[in-house]
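The lines below spell out each chain.
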Amino acid sequence: MFLGSRQEKSEKLNAFLFCACIFMPIILTPVKVYMESGVSIWIAFFLMFMISAVVNANKRISVTFVVFVIIIFVYFLISVIVADDQAITIGIFGEFLRSTLVVLFLFQFVRLDEFLVRSAHKFAVVALLVTISTMPYVISGDVGYMSFGGLMATSLIFIYFKGEVVGFKVFDVILIFLGLSLVLVFANRMSFVVVALSMAAVRFANLQGGLLSKLFYVLLFFALIFVLILYFEPMLLYVDSWLDVFGIESYSIDKLLVMVDSGVAFSSSGRDYIYTEAISIIADGGFLPHAPGYYEGKNTAGLNYPHNLVIDLFLVVGLPGFVIYCLFNAVFLTRVLSMKNVLAQSFVLMFFVFSIVRLSTSGTFWTEYSFWLPYFVYMKYAEEAREGVRGVF
């Protein structure tokens, strides 16, 4: 399976493990539904971590990873001490270890090259087909429509990413079209937006020419969005009537029609109340930082997180921390856009846009590896650039 020298075999195995870590939660979805437990995913992550630890036992651990781990452990240790509900905070830390820290540990040994892209593409295709096979569970309600959208989105962006980097094949185009159609009909609206904007970010990074040509692409993209908005309602009504012929009910399209007719507030699936209460919790807390799990112990709806990245960050880092985060992102994006390695730039921008858009209406950054990965990738390459390993910047 892995041909070449010992070093090449090690690099290919590391790429395989990283891709497996990204897509295993998707591929094991049928097992999770059947067992009504996520224990299979925990076991898979533990095995991948142990294999990587053994394979890379003689390699130097990335300074970036070591510093990150120290900061996170110290932060959670302090949080557990000051938390109102220590069990909730410890639970969040455990999920963070599984969903994020293992991914970052595996990536530090990965070379971001064509082999990784092709490996991710193969896993993405398998994951997409597995997710499509769960359609009966989606229709029956055993798999939530939002979960279905999130699983499809991850696979679709990697299939598109491979197409931009290596080249599209007819099969890839068919899968992308089929996947987007299923997301639009059976998943949530935001998953479709996540995929579209993530693809746009990859296309932006791979554009030839200077800044002016890229700005022209951005203007063209927004012009297309404007045209779509003008004909949005007629297109939705046409698709809805076409689905009615086959007896298919689309939650996403129904919500979009409600949004067009009555406004965003009436199509928000109750998030207006969630956001209002969360903002009140922030204000009552004096806009100060709080331990992870603070919101879960304060909200009246019994939710684990507020379904919005900005609110989620405000609850954890407070107003001072949020300002620092915004300034950091300004510097971060400036540096990313100046990266010479287009593959690395595409990878970072794809995950940055994917996580920011996805977390704007669902999930929490504590358990979303895609939120942390672009920062870690950039810092890892910055560390290697200082050591003269690769010319990324």
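Note: the structure precedes this text.
Here is what the cut-offs are and how they apply
Residues numbered from 1 in each chain as written. Predicted model: local features only at pLDDT ≥ 70, side-chain atom pairs only at ≥ 80, totals over all residues. Heavy atoms only, no water. Helix = DSSP H or I, 4+ residues; strand = E, 2+ residues; numbered from the N terminus. Polar contact = N/O pair within 3.5 Å; in protein donor to acceptor, adjacent residues only side chain to side chain. Contact = heavy atoms within 4.5 Å. Axes fitted to C-alpha atoms, helices over the stretch in contact; angles between N-to-C directions. Parallel < 35°, antiparallel > 145°, perpendicular 65-115°, else oblique. Left-handed = near helix turned anticlockwise from the far one by under 90°. Nonpolar A, V, L, I, M, F, W, Y, C, P; charged D, E, K, R; others polar. Phe/Tyr/Trp six-rings, centres within 6.5 Å; stacked < 30°, edge-to-face > 60°. Buried < 20%, exposed > 50% of the residue type's maximum accessible area, 1.4 Å probe, protein only. Lys NZ or Arg CZ within 6 Å of the ring centre and 35° of its normal.

Residues and numbers for the side chain of Glu368, please.
Checked against the element boundaries, Glu368 lands in the loop between α17 (342-358) and α18 (369-386). Separated by 3.0 Å, the side chains of Glu368 and Arg358 make a polar contact. Engagement of the side chain of Glu368 in a polar contact is seen with the side chain of Ser370, the distance being 2.9 Å. Among residues more than four places away in sequence, those in contact with Glu368 are Thr100, Phe354, Arg358 and Leu359.

So what's going on with the packing of helix α16 (residues 309-337) against α17? Residues and values would help.
Two elements in contact, α16 and α17, have axes whose closest approach is 13 Å; the angle formed by their N-to-C orientations is 155°. For the element pair α16 / α17, the angle class is roughly antiparallel. Between α16 and α17 the crossing geometry is left-handed. Within the contact between the two elements, α16 uses Leu309, Tyr325, Asn329, Phe332, Leu333, Val336 and Leu337 and α17 uses Gln345, Val348, Leu349, Phe352 and Ile356. For the contact of α16 with α17, the per-class residue count stands at 10 nonpolar, two polar and no charged.

Can you lay out the side chain of Ser370 for me, pointing to particular residues and giving the numbers?
You can see Ser370 is positioned in helix α18. For Ser370, the contacting residues outside a window of four places in its chain are Phe351, Phe354 and Ser355.

Break down the packing of aromatic side chains for me, with residues and values.
Inspection of every chain in the model, using the stated rule, returns 39 aromatic pairs. On the basis of an interplanar angle of 85° and a centroid distance of 6.3 Å, the ring pair of Phe352 and Tyr375 is categorised as edge-to-face. A residue pair is termed long-range when its members are at least 10 positions apart, and Phe352 in helix α17 and Tyr375 in helix α18 qualify at 23 residues. Overall, Tyr375 belongs to the buried group, its relative accessible area being 9%. Note that Lys380 overlies the ring of Tyr381, its terminal NZ or CZ placed 5.1 Å from the centroid.

I'd like to hear about unusual backbone geometry, residue by residue, with values.
Located in the positive-phi region is Phe287, a residue other than glycine, with phi close to 60°. Mapping Phe287 onto the fold places it in the loop between α14 (271-284) and α15 (294-298). Positive phi outside glycine occurs at His307, with the angle close to 60°. With a relative accessible area of 13%, His307 lands in the buried category.

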